[in-house]
Amino acid sequence: MNIQQLKCFVSLAETLNFSTTAEKLNLTQPAVSHNIKSLENELGIILFVRNKRTVNLTLAGNSFYEDMEGLLFRLDQSIKKAKLLSEKYESTLVIGYTETVFEKQVLPDIIRRFKERYPQIQIQLKKSNLTREKEDLLNQKFDIIFTSEDNLGKDIDFCFYPVLKGAYVCVLPKNHPIANESMLDIEQLNHQAIILFDEHQSPPTLKRMNRKIIENCPDSIYTYGDTINTVHTMIKSDLGVSVLPDFVIGEDNEIAFVPLSYTEEVVYGIACLRSEQRLEVKRWISTIKELFT
């Protein structure tokens with residue numbers, strides 16, 4: 001097994017197209033095919049099901065991709081880090097974030113403060129997926145992640161540092177008939193068009209909230225959004241109402257936020273591996289504590 005084989009595999013898993021992968025890696029299609037076949041033979045695993053028209057990952061191939069994608073990303077980061085050691089930066093800090101409005105509001109200031117103190121540390125931001133954050137930390141794809149406390153559970157491999165506490169609210173168009181209510185019961189959302197956030201990317205509290213909504217609103221029509229920005233746009237487009245943490249979507253003159261009579265506390269913050277010893281990570285945590293405690 002070599003790096004070229006793995007790069008071909010990861011690229012093909014993402015493109016599902018031999019010609020696109022060949023162009024992306026500056027190889028010929030036969031070279032890509034050879035690398036994939038050699039890798040499958042070496043592993044003794046069928047990674048792709050392919051015919052003249054389509055290419056798809058097998059179940060084993062998808063599992064292998066999830067591990068290798070993080071490994072290759074980390075390898076690339078290691079190479080970049082080594083180059084930076086001889087240039088401007090001494091080290092790199094990779095931070096995973098979920099694109100909440102809270103992060104968009106506070107991250108620029110945090111990074112500016114951090115860079116003033118530690119100009120020799122390069123900051124890299126990368127969008128993370130809540131359902132894969134723990135795995136990505138363990139695989140060292142990220143050094144630090146922004147996440148909710150419940151998403152980590154009681155896993156002793158991680159340290160969590162709270163930054164804010166929030167609650168779930170109903171988010172809806174400002175001209176909606178119930179937008180001026182001071183508080184809503186979940187049952188009042190029955191018969192409404194409801195936009196749920198993709199459960200595969202939701203923390204446990206949001207999954208429970210979505211299930212409670214479905215149980216109490218049997219006559220509603222449901223659609224799903226796979227990103228916060230998508231849900232935000234759908235609400236503004238008058239496609240429905242949603243229930244989200246109050247720090248996820250920022251103030252908007254076309255959107256209203258109404259508290260719910262039933263809600264769950266959401267604790268949001270940063271996390272790292274409990275075994276983490278890098279000075280860069282400790283400095284980032286220290287900066288966060290100064291600003292939010």
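Everything numeric in this text was worked out from a predicted model, so none of it was measured. (Residues numbered from 1 in each chain as written. Predicted model: local features only at pLDDT ≥ 70, side-chain atom pairs only at ≥ 80, totals over all residues. Heavy atoms only, no water.)

What about the side chain of Gln77?
- Mapped onto the fold, Gln77 is located in helix H4 (residues 59-85).
- By relative accessible area, which is 8% here, Gln77 ends up buried.
- Polar contacts involving the side chain of Gln77 include one to the side chain of Gln124, which spans 3.4 Å. (Helix = DSSP H or I, 4+ residues; strand = E, 2+ residues; numbered from the N terminus. Buried < 20%, exposed > 50% of the residue type's maximum accessible area, 1.4 Å probe, protein only. Polar contact = N/O pair within 3.5 Å; in protein donor to acceptor, adjacent residues only side chain to side chain.)

Focus: the packing of aromatic side chains
- In total, this model carries 7 aromatic pairs according to the counting rule given.
- An angle of 65° between the planes, with centres 5.3 Å apart, marks the rings of Phe114 and Trp284 as edge-to-face. Residue Phe114 is located in helix H5 (residues 101-117), and its partner Trp284 is located in helix H10 (residues 279-292); the two are separated by 170 residues in the primary sequence. When sorted by exposure, Phe114 lands in the same class as Trp284, which is buried.
- Ring pairing ties together the aromatic residues Phe102, Phe247, Tyr268 and Phe292, which thus form one cluster.
- The cationic tip of Lys141 hangs over the ring face of Phe73; the distance from NZ or CZ to the ring centre is 5.8 Å.
- For the cation-ring pair, Lys212 lies above Tyr262, with the distance from its terminal atom to the ring centre recorded as 4.7 Å. (Phe/Tyr/Trp six-rings, centres within 6.5 Å; stacked < 30°, edge-to-face > 60°. Lys NZ or Arg CZ within 6 Å of the ring centre and 35° of its normal.)

Observations regarding the UniProt feature "domain: HTH lysR-type" (unreviewed entry) in the protein
- Using the residue numbers shown here, the UniProt feature "domain: HTH lysR-type" (unreviewed entry) corresponds to residues 1-58.
- For residues 1-58, helix accounts for 62% and strand for 10%, while the C-alpha atoms at its two ends are 19 Å apart. (UniProt positions renumbered as here; feature names shortened; annotations may be inferred.)

Quick word on the nonpolar core
- Judged by nonpolar contacts, the single largest core of 57 residues is most densely connected at Leu93, Ile144, Phe146, Leu172, Leu189, Ile213 and Trp284.
- Considering each element in turn, this core owes the most residues, 8 residues, to strand S6 (residues 158-173).
- A domain split of this core shows at least three residues from each of domain 2 (85-163 + 267-292) and domain 3 (166-266).
- The residues contacting Leu189, other than those within four sequence positions of it, are Cys170, Ile178, Leu184, Ile194, Cys217, Ser220, Val241 and Val243.
- Residues Leu6, Cys8, Phe64 and Met68 belong to the second largest nonpolar core, which totals 18 residues. (Core = buried A, V, L, I, M, F, W, Y, C linked by side-chain atoms within 4.5 Å. Domains from an automatic or database assignment. Contact = heavy atoms within 4.5 Å.)

Let's talk about H10
- For H10, spanning 14 residues, the distance from its first C-alpha to its last is 20 Å, which sits close to the expected 20 Å at 1.5 Å a residue.
- Within H10, the full set of buried residues consists of Glu280, Val281, Trp284, Ile285, Thr287 and Ile288. One face of H10 carries all of its buried residues, which in axial projection span an arc of 160°.
- Those residues of H10 that are buried are in contact with strand S3 (91-97), H5, strand S4 (121-127), strand S5 (144-148), S6 and strand S11 (265-273). (Expected span 1.5 Å × (residues − 1). Arc of directions from axis to C-beta.)

Observations regarding the pattern of salt bridges
- A complete count under the given rule lists 15 salt bridges for this structure.
- Between Arg117 and Glu290 there is a salt bridge, with its nearest N and O atoms 2.6 Å apart. Of this pair, Arg117 sits in helix H5 while Glu290 sits in helix H10; the two residues are 173 residues apart in sequence, bridging distant segments of the chain.
- Given the relative accessible area of 43%, Arg117 is considered partly exposed.
- Its salt-bridge partner being Arg132, residue Asp136 comes within 3.9 Å of it at the nearest N-O pair.
- Residues joined by salt bridges that share partners form a network here, namely Glu69, Arg132, Asp136 and Lys141. (Salt bridge = Lys/Arg side-chain N within 4 Å of Asp/Glu carboxyl O.)

Here we look at helix H1 (residues 3-15)
- Taking 1.5 Å per residue, 13 residues should reach 18 Å; H1 reaches 18 Å between its end C-alpha atoms and fits that length.
- Turning to H1, its buried residues number three or more, namely Gln5, Leu6, Cys8, Phe9, Val10, Ser11, Leu12 and Ala13.
- The opening residue of H1 is Asn2, an N-cap whose side-chain oxygen sits 3.1 Å from the backbone nitrogen of Gln4.
- Of the residues one or two after H1, Leu16 is the one with positive phi, at around 55°.

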